[in-house]
Amino acid sequence: MSTTTAPSPERTEKFDLAIQGMTCASCVRRVEKALERVPGVSRASVNLATGRASVDAARSVVASDLEQAVFSAGYEIAPEQTDLAIEGMTCASCVRRVEKSLLAVPGVASAAVNLATERATVRHQPSASVKDLVAAVEKAGYQAKEVVQAVHVHDHGDKAEEFDRLRRNLILAVVLALPVVVLEMGTHLVPALHDWVMNMLGEQTSRVVQFVLTTVILVGPGRRFFTKGVPALLRGGPDMNSLVAVGTAAAWAYSTVTTFLPALMPEGTRNVYFEAAAVIVALILLGRFLEARAKGRTGEAIKRLVGLQPRTAQILRGNETVEVAVGDVVAGDVVVVRPGDRIPVDGDVIDGSSYVDESMITGEPVPVSKGAGDEVVGGTINKTGSFTFRATKVGADTVLAQIIRMVEQAQGAKLPIQAMVDRVTAWFVPAVMTAALLTFVVWLIFGPDPALSFALVNAVAVLIIACPCAMGLATPTSIMVGTGRAAEMGILFRRGDALQTLRSATIVAFDKTGTMTEGRPRLTDLEVIGEIDEEEILRLSAAVEARSEHPIAAAIVDAAKTLDIGDAAVEDFEAVPGHGARGTVDGRRVEIGADRMMAAAGLSVDQFADVAGRLGNEGKSPLYVAVDGRLQAVLAVSDPIRATTPAGIAALHALGVKVAMITGDNRRTAEAVARQVGVDTVVAEVLPAGKVAALRELSSGSAGVVFVGDGINDAPALAEAGVGIAIGTGTDIAVETADVVLMSGDLRNVANAIAVSRATLKNIQQNLFWAFAYNVALIPVAAGALFPLYGVLLSPIFAAGAMALSSVFVVTNALRLRGMKPRLSNLSMR
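Residues numbered from 1 in each chain as written. Predicted model: local features only at pLDDT ≥ 70, side-chain atom pairs only at ≥ 80, totals over all residues. Heavy atoms only, no water.

Moving on, we come to the packing of aromatic side chains. Tallied over the full model, the rule gives 10 aromatic pairs. Here the aromatic rings of phenylalanine 211 and phenylalanine 274 are separated by 6.1 Å at their centres, their planes lie at 65 degrees, and the arrangement is edge-to-face. Highlighted residues: phenylalanine 211 in helix H7 (residues 203-219) and phenylalanine 274 in helix H10 (residues 274-296), separated in sequence by 63 residues. Between tryptophan 443 and phenylalanine 787 the ring centres are 5.3 Å apart and the planes differ by 65 degrees, which places this aromatic pair in the edge-to-face class. Placement of tryptophan 443 in helix H14 (residues 416-446) and of phenylalanine 787 in helix H29 (residues 787-790) is noted, with a sequence separation of 344 residues between them. (Phe/Tyr/Trp six-rings, centres within 6.5 Å; stacked < 30°, edge-to-face > 60°. Helix = DSSP H or I, 4+ residues; strand = E, 2+ residues; numbered from the N terminus.)

Here is the structure:
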């Protein structure tokens, strides 16, 4: 009989691409569809606000496949920037040789080499790997290695350059459009100006001047619309640029024929609309300029976080202190920190002591005492003392870098609500093109004289006013600002969909130990029976618990250290989640844990019933110790309630949210804590799997159940909950499993997280309403729906102004989230 083994699924890779050329929601959908068509791509998500695409693909997919897909859709991959340290250069000819070798690598856009700093800055496509760049330098006869930045930050140089170019184009367009408006519109509005133009220039000369100025505008500042819009139109995928290109080109072409070949136009239709084409370009550039300036402020949170890390560090080299760039610090280096310094990387203090302001991580304004053995975090500020520490995490592994990465991921996320927008925008632009064509035909056939003029003006107005930019920006800009503001409060959304789900929270369930309590329990009681004395029981218990990660175990170990009881080696250690721990100490089998662990071992705890009852009523957790299969002692541990827990729970109640506690502790202890803090529902004496079952029971009839925890045994519940919130001071496993991370243990931030979610979703809904209502209401007006009743038509110029303002409104509305205040505290990342 033969057996077959199912092939293991192919490993996947994540690609993060910066896309250039996207201007509206239809662009987003087009890029996503192009990427998803690449064989091996399982998911592609594009964010218009950040201009980035996140792609999950099989290992067989290479970056060039994705680049080609984006290029075929009419867009470009923004080049990445890599810094290389070059060794062996001695003169300017060396510089040129290195530059030529780098430029010869396929995919490299530019290479600049500096002889003084011995650095090369290379801008390249993702398909040109760092390995390729290093190989090219080595082939030219030099040595190279990548300079890894301590904190990864996307290059904003292109955006700054584009912003400057946009400003120059706007100024030029306005300067050239003003004379056109004066010559055409001014002569209609001011009779004296009309007489002056007719006498000084004449109608034909005036039109020729308008033609020249408008042509310069379209070829110069307005060229961007044609270079992107026409190819998109020819590919059958028109975008916002296509609408502007077709509209302005139609107005310009009609006016040009009227100016130079008037005989071809029917009598009564020989009007020119140069001012419409010129002003449309100027107004849309103005809208894009204001939008770009506002969007630049959406990334303020990331910029502030990046600014927390110093550029240099003081490193011990032998007996000397050397200043090096933060990017050159490696794990194991000994770093010197002086009073007032910002700590450069994460590490462990090895000598000296001080107080460190960790408010950027925890939100707590009170500096924390640091001494030998304590951890320090990069970006925090040393206060009065001086100390040295050994670097343990550098570069992208530091806490600050991880925070930035989480914020970037959340800002680039696509919420479920965006799916509806994507479906609409997929057909929106083609529908607008069809509506414009239909408008032209209807007015040409049924419109009053001059029908051709009416048909052109209304069709152009439909094309211009229907730009879906506001639709595409409605969701991502709010997400960027909302998650950035949350990060400043110490709330990190690891998964974007949690931002939408959290607003519907109806029940928040908390783990007790380390979440509602400080997680630093103290041993308060120890009663023994039998032949083993208290010190020996404590020594044996501490030996086993020293291997456990549970906070209660730490209390027993700390008590043994306080009494200066000697250490003991443990063998065959085993942690039993939700029960306790066991191991062999000095040849004796020791078991320590809750009553259910004793029951599993066949031991009765009835003789301690009265003592356990008293301890539970006092809010203490009774634990039992068995040695070699015999019950020997009961001990009690008390875990102080966090000072902010009652206020945090009160804040949730104020939001209309019920609070539950799910814990493995015995019921009496759990209920004692619940009474003190105002918990509505208590689920006690449950194992990790029981926490999952309890969550399912709580969630029956409601999908809005949130779980807050901090330990390894909370990971299944964090994964099961509608939204899992991890205390950032907890274990890595809990943090990795959670949807949201609170960087401090302040439970008031749970209410703040819900408030951020509700405010952000409300903001998104406002944006979407404006974007959709604007188009639904004004497209018929632009098509001339009000003309039969009221004689009202919408000029293409006003259409362009309204279109530009819609995008500016959406971004400006999103920026209001930056002013959102924490509900109960002034927690902030500084």
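Right, let's get into the sheet that holds strand E21 (residues 580-585). Sheet architecture is open: six strands sit in the order E19-E24-E23-E22-E21-E20, paired in antiparallel fashion. The sheet is open, and its two edges are formed by strand E19 (522-528) and strand E20 (570-576), each paired on a single side. On average, each strand axis in the sheet is tilted by 20 degrees relative to the strand beside it, whichever way the strands run. Bridge analysis of E21 against strand E22 (residues 588-593) gives six bridges, and the strand direction is antiparallel. The partner of valine 585 across the bridge, within E22, is arginine 588. The strands that helix H22 (residues 609-617) touches are E19, strand E23 (621-627) and strand E24 (630-638); relative to E19, the one it contacts most, it runs at about 165 degrees. (Pairing = 2+ DSSP bridges. Axes fitted to C-alpha atoms, helices over the stretch in contact; angles between N-to-C directions. Contact = heavy atoms within 4.5 Å.)

Spatial strand order, E2-E3-E1-E4: four strands in an open sheet with antiparallel pairing. Sheet topology places strand E2 (41-47) and strand E4 (76-77) at the edges, where each strand pairs with a single neighbour. Strand direction decides the pairing type here: E2 and strand E3 (residues 52-58), joined by six bridges, are antiparallel. In the sheet register, alanine 44 faces E3, and the bridge partner there is valine 55. Lying on the sheet, helix H1 (residues 25-36) is in contact with strand E1 (12-20), E2 and E3; it crosses E2 at an angle near 160 degrees. Contacting E1, E2, E3 and E4, helix H2 (residues 63-72) runs over the sheet at an angle of about 35 degrees to E1.

Before going further, it helps to examine the environment of serine 127. Residue position: serine 127 is located in the loop between strand E7 (119-124) and helix H4 (130-139). Beyond its immediate sequence surroundings of up to four residues, serine 127 is in contact with Ala63, Ser64, Glu67 and Asp132.

The next thing to look at is the UniProt feature "transmembrane region" (unreviewed entry) in the protein chain. Within this numbering scheme, the UniProt entry marks residues 170-193, 205-222, 243-265, 271-290, 424-446, 452-475, 768-787 and 793-815 as carrying the feature "transmembrane region" (unreviewed entry). In this annotation, residues 243-265 is assigned 78% helix and 0% strand; the end-to-end C-alpha distance for the span is 25 Å. Counting secondary structure, residues 271-290 comes out at 85% helix and 0% strand; the distance between its end C-alpha atoms is 33 Å. (UniProt positions renumbered as here; feature names shortened; annotations may be inferred.)

Note that the residue after aspartate 449, namely proline 450, is joined by a cis bond; omega there is -10 degrees. Within the element layout of this structure, proline 450 appears in the loop between H14 and helix H15 (451-465). Positive phi, close to 55 degrees, is recorded for aspartate 572, a residue that is not glycine. By the element assignment, aspartate 572 lies in strand E20. Backbone geometry places aspartate 628, a non-glycine residue, at a positive phi of 50 degrees. Look at aspartate 628 and you get partly exposed, because its relative accessible area is 45%. (Buried < 20%, exposed > 50% of the residue type's maximum accessible area, 1.4 Å probe, protein only.)

Within the secondary structure, glutamate 591 is located in strand E22. Given the relative accessible area of 11%, glutamate 591 is considered buried. Among the polar contacts listed, one links the side chain of glutamate 591 to the side chain of arginine 582, at a separation of 3.4 Å. Sequence-distant contacts of glutamate 591, defined by excluding residues within four places in its chain, comprise Ala581, Arg582, Met597, Met598, Ala601, Tyr624, Val625 and Ala626. (Polar contact = N/O pair within 3.5 Å; in protein donor to acceptor, adjacent residues only side chain to side chain.)

For the rest of this paragraph, the subject is H4. Leu133, Val134, Ala136 and Val137 are the residues of H4 that are buried. Along the long axis of H4, the arc covered by the buried residues comes to 160 degrees, so they all point the same way. Exposed side chains of H4 directed beyond 90 degrees from the buried face belong to Lys131 and Lys139. Downstream of H4 by one or two residues, glycine 141 has phi in the positive range, about 105 degrees. (Arc of directions from axis to C-beta.)

Let us look at empty space enclosed by the protein. Counted according to the given criterion, the structure contains three cavities of 30 Å³ or more. For the second largest cavity, the calculated volume is near 40 Å³. Lys512, Thr517, Gly619, Ser621, Val637, Ser638, Asp639, Thr669 and Val673 are the residues that line the second largest cavity. Every element with two or more residues in the lining of the second largest cavity is listed here: E24 and helix H24 (667-677). Among the residues forming the lining of the second largest cavity, the class breakdown is two nonpolar, five polar and two charged. (1 Å grid on protein atoms, 1.4 Å probe; cavity = no way out; pocket = protein on both sides within 12 Å on 5 of 7 lines; lining within 4 Å. Points joined across faces, edges and corners; volume = space filled by probe spheres on them. Nonpolar A, V, L, I, M, F, W, Y, C, P; charged D, E, K, R; others polar.)

For a regular strand, side chains alternate in direction, first toward one face of the sheet and then toward the other. Because side chains alternate across strand E18 (residues 507-510), one face comprises the buried residues Ile507 and Ala509, and the other comprises Val508 and Phe510, equally buried. The sheet contact formed by E18 and strand E25 (residues 658-662) spans four bridges and is parallel. Each bridged residue has a counterpart across the sheet, and for isoleucine 507 the counterpart in E25 is lysine 658. Note: E18 against strand E27 (residues 705-709), four bridges, orientation parallel. Its bridge partner lying in E27, valine 508 is registered against valine 706.

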